Every structure is written in structure tokens, then in C-alpha cells.
Amino acid sequence: MATLADAARIALSFAEVTEGERHGRRTWFVAGKGFAWERPYSKADIKRFGDELPPGGPILAVRVEDLAEKDAVLAGGTPGIFTIAHFEGYPAILVQLEKVGKRALRETMFDGWLACAPAHLTERYVER
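Keep in mind it's a predicted model, so treat the numbers as computed, not measured.

1. Quick word on the overall build of the chain
Check the secondary structure of the chain and you find five helices and six strands. What you see in the chain, going N to C, is helices and strands ordered as α-β-β-β-α-β-α-β-β-α-α. Relative to a compact globule of 128 residues, whose C-alpha radius of gyration would be 14 Å, the chain shows 14 Å and is just as compact. If you line up the chain on its principal axes, its C-alpha atoms span 45 × 30 × 25 Å. Burial statistics for the chain: of 128 residues in total, 40% are counted as buried. For the chain, the proportion of contacts with a sequence separation of at least 24, taken over those separated by at least 6, is 53%. Roughly 7,400 Å² of accessible area belongs to the chain as shown, and the carbon and sulfur atoms make up 51% of that amount.

This is the structure in C-alpha cells:
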């Protein structure tokens with residue numbers, strides 16, 4: 001189980017990350033791009049769940065490189081990683097912090113950082 005405090009600690013451990021606010025939500029940025037942010041459900045999101053209970057607890061949205069990576073991450077079946085209709089066609093996944101392990105959270109957030117960070121920061125991590 002992970003917490004928002006874990007997410008903040010992890011995000012701020014990556015190079016040149018700043019924490020701020022976007023749309024009233026805590027957001028972590030690299031080079032001005034948000035790569036992870038708190039993402040509570042909107043009324044429309046909750047309505048789309050219908051009779052199904054939405055995943056509970058704090059939810060984090062995390063960018064991915066592209067839609068193919070999103071599909072691969074979702075197919076991996078990591079507990080706590082999911083998406084909703086609002087994110088269809090958008091390169092980001094959702095993380096239910098109550099269900100995801102800290103290692104999986106770190107890997108997910110690092111991938112989000114890689115997707116948004118400029119090349120001079122990521123080149124030492126990316127295989128050529």
C-alpha cells in the first residue's frame with residue numbers, strides 16, 4: 001500500500017522535479033510538464049461507474065509515453081493500476097494508492113517522468 005506522501009517523496013527524488021498545483025490538484029512537474037497528479041473522481045466519473053463501486057482512496061494519475069505503452073501497462077495487470085472512460089485516448093493511467101505496492105508506484109512514476117522529461121535528463125536511463 002502506498003500513500004500520497006510516498007508519491008510525493010518518489011516524484012521529488014527524480015531529477016529537476018517540482019511540486020505545484022494544476023486545476024487545484026497537487027501535481028509533480030518536470031520541465032514544466034505534469035507527469036503525475038492527484039486525480040479524484042468527478043461527478044461524471046462516478047456516474048459512469050453506475051452501480052459499480054469506484055476504486056477507493058487517493059487516486060494518482062500518471063503520464064505514459066503513448067497509448068501503446070498505456071495498453072501494455074494496463075495489460076500487465078498490476079494491482080491498483082487502471083483507467084476510466086475520461087482517460088480514453090489520453091496517454092495516462094490511474095493508480096489506486098491503497099492497492100499498489102511502493103515498488104510498482106515508483107516504477108510507474110519513473111515511467112511518467114521519462115515520458116515528460118527532456119532528453120538531457122533521460123538519456124542516461126534510456127537504452128539506445
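2. A few points about helix 4 (residues 102–116)
Along its 15 residues, helix 4 runs 21 Å from first to last C-alpha, staying within 8% of the 21 Å computed at 1.5 Å per residue. Here helix 4 has its buried residues at Ala 104, Leu 105, Thr 108, Met 109, Gly 112, Trp 113, Ala 115 and Cys 116.

3. What to know about the environment of Glu 38
Its place among the elements puts Glu 38 in strand 3 (residues 33–38). In the structure, Glu 38 is positioned 34 residues away from Leu 4 in sequence and 8.3 Å away in space, judged by C-alpha atoms. Sequence-distant contacts of Glu 38, defined by excluding residues within four places in its chain, comprise Leu 4, Arg 25, Arg 26, Ile 59 and Leu 60.

4. A closer look at the side chain of Gln 96
Within the fold, Gln 96 resides in strand 6 (residues 92–96). Residue class for Gln 96 comes out buried when judged on its relative accessible area of 9%. From its side chain, Gln 96 meets the backbone oxygen of Gly 56 in a polar contact 3.1 Å long. Other than its neighbours up to four places away in sequence, Gln 96 contacts Pro 55, Gly 56, Pro 58, Ile 59, Gly 80 and Phe 82.

5. Some details on the pairing of strand 3
Bridging between strand 2 (residues 25–30) and strand 3 involves four bridges; their strand directions are antiparallel. Note on strand 3: the bridge partner recorded for Val 30 is Lys 33. Taken together, strand 2 and the strand that follows it, strand 3, pair antiparallel across an intervening segment of two residues, in which Ala 31 is found at a positive phi of about 50°.

6. As for the pattern of salt bridges
If you walk through the whole model with that rule in mind, you get six salt bridges. For Lys 102, the salt bridge goes to Asp 6, with nearest N and O atoms at 3.9 Å. Highlighted residues: Lys 102 in helix 4 and Asp 6 in helix 1 (residues 4–12), separated in sequence by 96 residues. Here Lys 102 falls in the partly exposed class, since its relative accessible area comes to 43%. Overall, the relative accessible area of 10% leaves Asp 6 in the buried class. With its nearest N and O atoms 2.6 Å apart, the salt bridge here joins Arg 39 to Asp 45. Grouping residues by exposure puts Arg 39 and Asp 45 together as buried. Taken together, the salt bridges that share partners define one network made up of Asp 6, Arg 9 and Lys 102.

Thresholds, definitions, all that
Residues numbered from 1 in each chain as written. Predicted model: local features only at pLDDT ≥ 70, side-chain atom pairs only at ≥ 80, totals over all residues. Heavy atoms only, no water. Helix = DSSP H or I, 4+ residues; strand = E, 2+ residues; numbered from the N terminus. Rg over C-alpha atoms; globule rule 2.2 N^0.38 Å. Buried < 20%, exposed > 50% of the residue type's maximum accessible area, 1.4 Å probe, protein only. Contact = heavy atoms within 4.5 Å. Areas by Shrake-Rupley, 256 points an atom, 1.4 Å probe, with all protein chains shown as cover. Expected span 1.5 Å × (residues − 1). Polar contact = N/O pair within 3.5 Å; in protein donor to acceptor, adjacent residues only side chain to side chain. Pairing = 2+ DSSP bridges. Salt bridge = Lys/Arg side-chain N within 4 Å of Asp/Glu carboxyl O.

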